[in-house]
Amino acid sequence: VFHPNGPLEKDLKKTGISVFTLNMRSRRDIFHSLRYLIKEVRFQKPDIIHGYLGGPNILSVILKRFFPSHTRIIWGVRASNVDLRQYSWLERLTYFVERILSGFADLIIVNSKTGLSHVMKNGFPRDKMVVIHNGIDTERYFIDRSAGGKIRAEWGIKDCEMLIGLVGRFDPMKDHAVFLKAASLIVRDRKDIRFVCIGDGTESYRFKLLSLSNALGLDGLMLWAGTRDDMPAVYNAMDILVSSSAYGEGFPNVIGEAMACGVPCVVTDVGDSAYVVSDTGIVVPPRDPEALAEGMRKLIDSDLTSLGLKARQRIVENFNVDQLVSRTEDALKRLC
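The model shown is predicted, which means the values in this text are computed figures rather than measured ones.

**Student:** Could you give an account of the sheet that holds strand β5 (residues 162-167), with specific residues and numbers?
**Tutor:** Reading across the sheet, the six strands line up as β7-β6-β5-β8-β9-β10 and stay open at both edges, with parallel pairing between neighbours. Since the sheet does not close on itself, it has two edges, and those belong to β7 (222-226) and β10 (282-284), each with one partner. Taken pair by pair, the neighbouring strands of this sheet meet at an average axis angle of 20°, ignoring direction. In this structure, strand β8 (residues 240-243) lies alongside strand β9 (residues 265-268), joined through three bridges in parallel fashion. Bridged to L241 within β9 is C265. Along the sheet, helix α7 (residues 176-186) makes contact with β5, β6 (193-198), β7 and β8, crossing β6 at roughly 170°.

In C-alpha cells:
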C-alpha cells in the first residue's frame, strides 16, 4: 500500500496477510518508494501483481521489467464514464497514460458491464478484459433494525419519521447537490421526512454543500454524519438509500450494502446501478433533481418492508462475496 494505517490494514493483519507499506507521504517520496517496491517484489517473487485504479495500474506496467519473468500483471478498473473535466490535470494525464499502456496488462478485471463498454471505447483491449462484479459480505451486512434503532436514537430521528440517506465521499461524481435539491422538493409537502449524508471530503467542498443545504431550507432536516465505522447499523437506520451519482460509477458498493441490509434504493442510471437494483427499487436519470424527488416519492409510498426483503435476496443470490472470490480465483488460475 502507498500509505500506512489504512482502514483495512488491521483486518488484513488479523487474517495473517502481510501488508507492506511504501510510506509515500508526498510525491517527492516516489523514487524512494519505487525502489522499495522493486526490492520487495524481487524478494517475494509473486506470480501476480494486481493493481487497482489508474496510478497503481500504470506503475505495475512501468515496473514490469524489474519483476520476475513469470509474474503476470492484472489491472483493476472500478469506474465507468468519469467526467475528467471535474478533476485535476494530473488525473486527466493519468487516465491518458493508462489508456496507452492498457495493452501491456495480462488481464484487466472490470467491476461493471458499463465500465467494460466505456474502456473498450477508449482503446482498452477487449480480449484481455473480464467483468467480475463486486461482492457484498451478506454476513456482515444484514437486516438488523435493533442496531439501526440505536443510530436513529443517536441522531434524534423519531419513530414516526422516515430517514432517507446518501452514502459517499464529497466528490462532484456523487452529485450531492442534486440530492439536496431533490430533498428540498420532498419537504415541501412532507413534514415527516429527515435526510442524512454519510461521508466527508475537502473543507472547501463541504462548506459549499452546507451552504447549498441551508439555502434550500434544509437546516434541521439534513444531518451531516461524517464518516462512520459502523455502516451495517447506519444502513439499518435508514428507510431508503439514494445514490445520486452523475457519472463514473462502476458497481457502487453502497447500493449493494444497503440492499443487503434490507434498504430499498433510489438510484441514478449511472454505471451498473440500475442492473444491481433491478426491480427492487427505483431508477431515475442523473442530474435531474425533479426526477430524483419523484423516485423518492414513489418509494416512500410503496411497501418498503417487502421491497427491502426482495432487495436483500437479490444481493444474496447474485452479488455475494463468495461469488466474487470464486470468479476472481478462476480468472487468476486461467492466467497462470
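**Student:** Please set out the pattern of salt bridges residue by residue, giving values where relevant.
**Tutor:** Within the structure shown, the criterion is met by 15 salt bridges. The shortest N-O distance in the salt bridge between D106 and K64 comes to 3.7 Å. Here D106, found in the loop between α4 (89-101) and β3 (107-110), pairs with K64, found in the loop between α3 (54-62) and β2 (72-77); they are 42 residues apart in sequence, far enough to count as distant. The closest approach of N and O atoms between R297 and E294, which form a salt bridge, is 3.4 Å. In this pair, R297 and E294 both sit in helix α12 (residues 289-300), three residues apart, roughly one turn of the helix. When salt bridges with common partners are traced through the structure, they connect E154, R228 and D230 into a single cluster.

**Student:** Before we move on, can you summarise the sheet that holds β3 with the specific residues and values?
**Tutor:** What the four strands build is an open sheet, ordered β1-β2-β3-β4; its pairing is parallel. Each edge of the sheet is formed by a strand with only one pairing partner; in this case those strands are β1 (48-52) and β4 (129-131). Adjacent strand axes in the sheet meet at a mean angle of 20°, parallel and antiparallel pairs treated alike. Of the pairings in the sheet, the one linking β3 to β4 comprises three bridges and is parallel in character. Looking at β4, one finds that I108 is bridged to M129.

Calculation criteria
- Every chain is numbered independently, its residues counted from 1 as its sequence is written.
- With pLDDT at 70 or above as the cut-off, local features in this predicted model cover only qualifying residues; side-chain atom pairs require 80 or more to be listed or tallied, and sums for whole chains, interfaces and linings still use all residues.
- Remark: hydrogens and water are excluded; side-chain values derive from all non-hydrogen atoms of the structure.
- The pairing criterion is simple: DSSP has to find at least two bridges between the two strands.
- Think of it this way: any DSSP run of H or I at least four residues long counts as a helix, any run of E at least two long counts as a strand, and we number them from the N terminus.
- As a rule, the C-alpha atoms of each element are fitted with a line to give its axis, helices using only the stretch in contact, and angles between N-to-C directions run from 0 to 180 degrees.
- Any two residues having at least one pair of non-hydrogen atoms within 4.5 Å are treated as being in contact.
- The term salt bridge refers to a pairing of a side-chain nitrogen on Lys or Arg with a carboxyl oxygen on Asp or Glu at a separation within 4 Å.

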